[in-house]
Amino acid sequence: MTSTSTTRGRPETYIRFDGWLGRVENAFNIVAAASILLLMLLAVAQIVGRNGFDMPVPGFIDIAEQAMAVFAFMGIAYCQRLGGHIRMELFLGKLSGRPLWIAETLGVVLIWLVVATLIYGSWFHFMRSWELGDSSMDIGLPTWPSKLVIPVALTLLLLRLTLQIYGYLRLVRDPEAEPIAVPVLADIETQARHEIEETLDGDEEDGNGSDTSGGKPGNTGGARG
């Protein structure tokens, strides 16, 4: 799945909204990635402290449970923008032109309805936790921050889906128009070519990282480009 990046012929408001939304999604995704890194470091401290010094991290399980909401949901809109979610393309791969864009529109509308329902339910779940002062079992960590993350992240996803619905409707109206801010289904040949290029790039980097030239000058590795 790929997304176009040129701006020729794009509606200005659409461009600005897509750019603003992309920056917010990038920030959310960075927070999600940072939470994974911090949780990994905390897990190392937990293992070393428990096994080496008999001093486990207090409330490690509580912290890990709360962090799950951050790294599971805050990158979801970013992934949707890139078309990275798992999808069934056996049917869509046989379509092209207006039928393809109609099918994509219907699929995104269905997801939009599901996400809107989840936002409604998760918001009231957060409010209940806030009003009751719910906390974790071990160290009494408040649970409302992690529960607030879910409706906020899903709202960002809903905005991305709304933008994609508009983008697909443009293509339904004019199938020859340039796809804007929507994932584009790559054919099998394109996917295979990308995989081959990535493999070759990886092999070149591995080759440049070590001297496999048998002592010949000029092939001792180093930075590329």
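Residues numbered from 1 in each chain as written. Predicted model: local features only at pLDDT ≥ 70, side-chain atom pairs only at ≥ 80, totals over all residues. Heavy atoms only, no water.

Caption draft 1: Region of interest: the overall build of the protein. Within the protein, the regular secondary structure consists of six helices and zero strands. Walking the protein from its N terminus toward its C terminus, one meets helices and strands in the order α-α-α-α-α-α. In the protein, buried positions account for 31% of the 225 residues. Summarising the internal contacts of the protein: among those between residues at least 6 apart in sequence, 71% fall at separations of at least 24. Summed over its atoms, the accessible surface of the protein is roughly 14,300 Å², and 65% of this surface lies on carbon and sulfur atoms. (Helix = DSSP H or I, 4+ residues; strand = E, 2+ residues; numbered from the N terminus. Buried < 20%, exposed > 50% of the residue type's maximum accessible area, 1.4 Å probe, protein only. Contact = heavy atoms within 4.5 Å. Areas by Shrake-Rupley, 256 points an atom, 1.4 Å probe, with all protein chains shown as cover.)

Caption draft 2: Inspection of the pattern of salt bridges at higher detail. Overall, the coordinates contain four salt bridges when judged by the stated rule. The partner of Asp18 in a salt bridge is Arg160, and the shortest N-O contact between them spans 3.2 Å. You can see Asp18 sitting in helix α1 (residues 12–53) and its partner Arg160 sitting in helix α5 (residues 144–173), a full 142 residues away along the chain. Side by side, Asp18 and Arg160 carry an identical accessibility label, which is buried. A salt bridge links Arg81 to Glu25, with the shortest nitrogen-to-oxygen separation between them at 3.1 Å. (Salt bridge = Lys/Arg side-chain N within 4 Å of Asp/Glu carboxyl O.)

Caption draft 3: A look at a nonpolar patch on the surface. Together, Val44, Val48, Phe53 and Met55 make up an exposed nonpolar region whose accessible area comes to about 430 Å². In this structure, Val48 sits in helix α1. (Patch = residues over 30% accessible without salt bridge, like charges linked within 9 Å, V, L, I, M, F, W, Y side chains within 5 Å.)

Caption draft 4: Just the nonpolar core, in detail. With 29 residues, the main nonpolar core has Met74, Trp101, Val115, Leu157, Tyr168 and Leu171 as its most contacted residues. Among the elements of the structure, α1, α3 (76–82), α4 (97–132) and α5 are those that each provide at least two residues to this core. The leading source of residues in this core is α5, at 11 residues. Residues within four places of Leu171 in sequence aside, it is in contact with Trp101, Ala177, Glu178, Pro179 and Val182. (Core = buried A, V, L, I, M, F, W, Y, C linked by side-chain atoms within 4.5 Å.)

Caption draft 5: Structural context of the packing of aromatic side chains. If you walk through the whole model with that rule in mind, you get seven aromatic pairs. Ring-pair connections join several aromatic residues into one group, and the members of that group are Trp123, Phe126, Trp130 and Trp144. (Phe/Tyr/Trp six-rings, centres within 6.5 Å; stacked < 30°, edge-to-face > 60°.)

Caption draft 6: Looking closely at α4. Between its terminal C-alpha atoms α4 stretches 53 Å, which fits the 52 Å expected from 36 residues at 1.5 Å a residue. Taken together, the buried positions of α4 are occupied by Leu100, Trp101, Glu104, Thr105, Val108, Val115, Ile119, Ser122, Phe126 and Ser129. Elements in contact with the buried residues of α4: α5. Taken from the residues just after α4, Gly133 is the one with a positive phi, measuring 65°. (Expected span 1.5 Å × (residues − 1).)

Caption draft 7: Highlighting the packing of α1 against α5. The N-to-C vectors of α1 and α5 enclose an angle of 145°; their axes lie 11 Å apart at closest approach. In this structure, α1 crosses over α5, and the sense of that crossing is left-handed. Across from Tyr14, Phe17, Asp18, Leu21, Gly22, Val24, Glu25 and Phe28 in α1, the residues of α5 making contact are Val152, Ala153, Leu156, Leu159, Arg160, Leu163, Tyr166, Gly167 and Arg170. (Axes fitted to C-alpha atoms, helices over the stretch in contact; angles between N-to-C directions. Left-handed = near helix turned anticlockwise from the far one by under 90°.)

Caption draft 8: Structural context of the layout of surface pockets. A volume near 290 Å³ is recorded for the second largest pocket. Breaking the lining of the second largest pocket down by element, the ones donating at least two residues are α3, α4 and α5. Considering each element in turn, the lining of the second largest pocket owes the most residues, five residues, to α4. Residues of the lining of the second largest pocket, tallied by class, amount to nine nonpolar, six polar and two charged. (1 Å grid on protein atoms, 1.4 Å probe; cavity = no way out; pocket = protein on both sides within 12 Å on 5 of 7 lines; lining within 4 Å. Points joined across faces, edges and corners; volume = space filled by probe spheres on them. Nonpolar A, V, L, I, M, F, W, Y, C, P; charged D, E, K, R; others polar.)

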